[in-house]
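The residues making up each chain are set out below.
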Amino acid sequence: MRAPFFASVFLFITLSPALASGYSALNAGIAARLRGDSQMAVQQFSVAIDAPDLPPRFLPLAHYDRAWAHFDEDQFRDAVADCDAALALTPDWYEALLTRANAYAGESRFDAALADASAAIAARPELPWALIARANIHLHQGDYPAAIEDDTKAIGLDPVSTAPLNARALAYDFEGRYDLALNDRLAASALLVNPHFAGLEVGIAQWILGHNDDALSEFQAFAALDSSSLWPLIWHVIAQGASESAISDLAK
């Protein structure tokens, strides 16, 4: 789960492009991030960071946003370095701690990732995202009970969000407790305006448990929502075996 950067968006909206080069580069970097151009974002944030006219109060933000641009390019070491710089200027910054935890995990430095995720939890105990991040780190380490415990706490903090439920479902999958995984996926789908948007994951969970008729119904409903996706057809083949309609779907 990636940390929001609403402050960046607000800054981009409110600052005039006619201002000095540091502001202009910062705005350009934010705009590049918004359109998904991470390489351009890194370039522009670097200009902003090096600009002598960028007010010091915006320097942590520039490092933080450049960290996410590096992360998007799988440049985890550079992302860690920028988070280090942001946290040196703004200690205990929840989003920066969480971003650095994700970057450490990308480098497989799981002990450091756990430490940052735990620090983020301590900084903002009312938010679920660091708990979900720490659960994901536990999954990478094979500690499934710890992952489930963190995801359960996250669900308690945000019971109307699908993210904690889906995260715990994944942990249950890894642990082989497929019935509990299905329960979480059904609970998550019930929170959606159209529950069939979660139909592929729910259908797979039902198929694993041998509920083929339910699984086929979910695959068909999902296919009706997204006719461009091949996954419902593929899983329809898997669920039906070698039936005539399965062969027809495989041809498609």
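Refer to the structure presented above.
Predicted, not measured: the structure shown is a model, and the values here were computed from it. (Residues numbered from 1 in each chain as written. Predicted model: local features only at pLDDT ≥ 70, side-chain atom pairs only at ≥ 80, totals over all residues. Heavy atoms only, no water.)

**A word on helix α8 (residues 129-141)**
Here α8 spans 19 Å end to end across 13 residues, near enough to the 18 Å set by a 1.5 Å rise per residue. All of the buried residues along α8 are Ala130, Leu131, Ile132, Ala133, Arg134, Ala135, Ile137, His138 and Leu139. In this structure, the buried side of α8 is in contact with α6 (94-106), α7 (110-123), α9 (144-157) and α10 (162-175). Positive backbone phi, approximately 80 degrees, marks Gly142, located one or two places after α8. (Helix = DSSP H or I, 4+ residues; strand = E, 2+ residues; numbered from the N terminus. Expected span 1.5 Å × (residues − 1). Buried < 20%, exposed > 50% of the residue type's maximum accessible area, 1.4 Å probe, protein only. Contact = heavy atoms within 4.5 Å.)

**Overview of a nonpolar patch on the surface**
Taken together, the side chains of Tyr178, Trp207, Ile208, Leu209, Leu230, Trp231, Ile234 and Ile238 make up a nonpolar region of the molecular surface, amounting to roughly 710 Å² of accessible area. Mapped onto the nonpolar patch, the elements with two or more residues apiece are α12 (199-208) and α14 (231-240). Considering each element in turn, the nonpolar patch owes the most residues, 3 residues, to α14. Here Ile234 lies in helix α14. (Patch = residues over 30% accessible without salt bridge, like charges linked within 9 Å, V, L, I, M, F, W, Y side chains within 5 Å. Areas by Shrake-Rupley, 256 points an atom, 1.4 Å probe, with all protein chains shown as cover. Salt bridge = Lys/Arg side-chain N within 4 Å of Asp/Glu carboxyl O.)

**A few points about the packing of aromatic side chains**
Counted according to the given criterion, the structure contains 7 aromatic pairs. Plain terms: the ring middles of Tyr144 and Phe174 are 5.7 Å apart, the flat faces sit at 35 degrees to each other, and that makes the pair tilted. Note that Tyr144 is positioned in helix α9 and Phe174 in helix α10, a separation of 30 residues in sequence. Overall, the relative accessible area of 23% leaves Tyr144 in the partly exposed class. For Phe174, a relative accessible area of 45% corresponds to the partly exposed category. (Phe/Tyr/Trp six-rings, centres within 6.5 Å; stacked < 30°, edge-to-face > 60°.)

**Some words on the nonpolar core**
Ranked by internal contacts, the top residues of the largest apolar core, which has 30 residues, are Tyr64, Phe71, Trp93, Ala130 and Ile137. At the level of elements, α4 (59-72), α5 (76-89), α6, α7 and α8 are the ones that each hand at least two residues to this core. With 8 residues, the single largest contributor to this core is α6. One finds Ala25, Phe45, Ala48 and Phe58 within the second-largest nonpolar core, a separate group that totals 14 residues. (Core = buried A, V, L, I, M, F, W, Y, C linked by side-chain atoms within 4.5 Å.)

**Here's the deal with the pattern of salt bridges**
On inspection of all chains with the given rule, the structure shows 13 salt bridges. Measuring nitrogen to oxygen at the nearest pair gives 3.2 Å for the salt bridge that ties Glu107 to Arg109. What makes Glu107 partly exposed here is its relative accessible area of 24%. In this structure Arg109 comes out as partly exposed when scored by relative accessible area, which is 41%. In this structure, the salt-bridge partner of Glu126 is Arg124, at a minimum N-O distance of 2.5 Å. The class for Arg124 is partly exposed, based on a relative accessible area of 33%. Three or more residues joined by partner-sharing salt bridges are found here, namely Arg33, Asp65 and Asp72.

**A few points about α4**
The end-to-end C-alpha distance of α4, which contains 14 residues, comes to 20 Å, matching closely the 20 Å that a straight helix rising 1.5 Å per residue would cover. For α4, the buried fraction is high: 12 of the 14 residues fall into the buried class. Among all positions in α4, only Pro60, Leu61, Ala62, His63, Tyr64, Asp65, Arg66, Ala67, Trp68, Ala69, His70 and Phe71 are buried.

**Topic: the environment of Tyr94**
For Tyr94, the position within the fold is in helix α6. With 28 residues separating them in the primary sequence, Tyr94 and Ala122 have C-alpha atoms 9.0 Å apart. Apart from the residues within four sequence positions on either side, Tyr94 is in contact with Ala120, Arg124, Leu127, Trp129 and Ala130.

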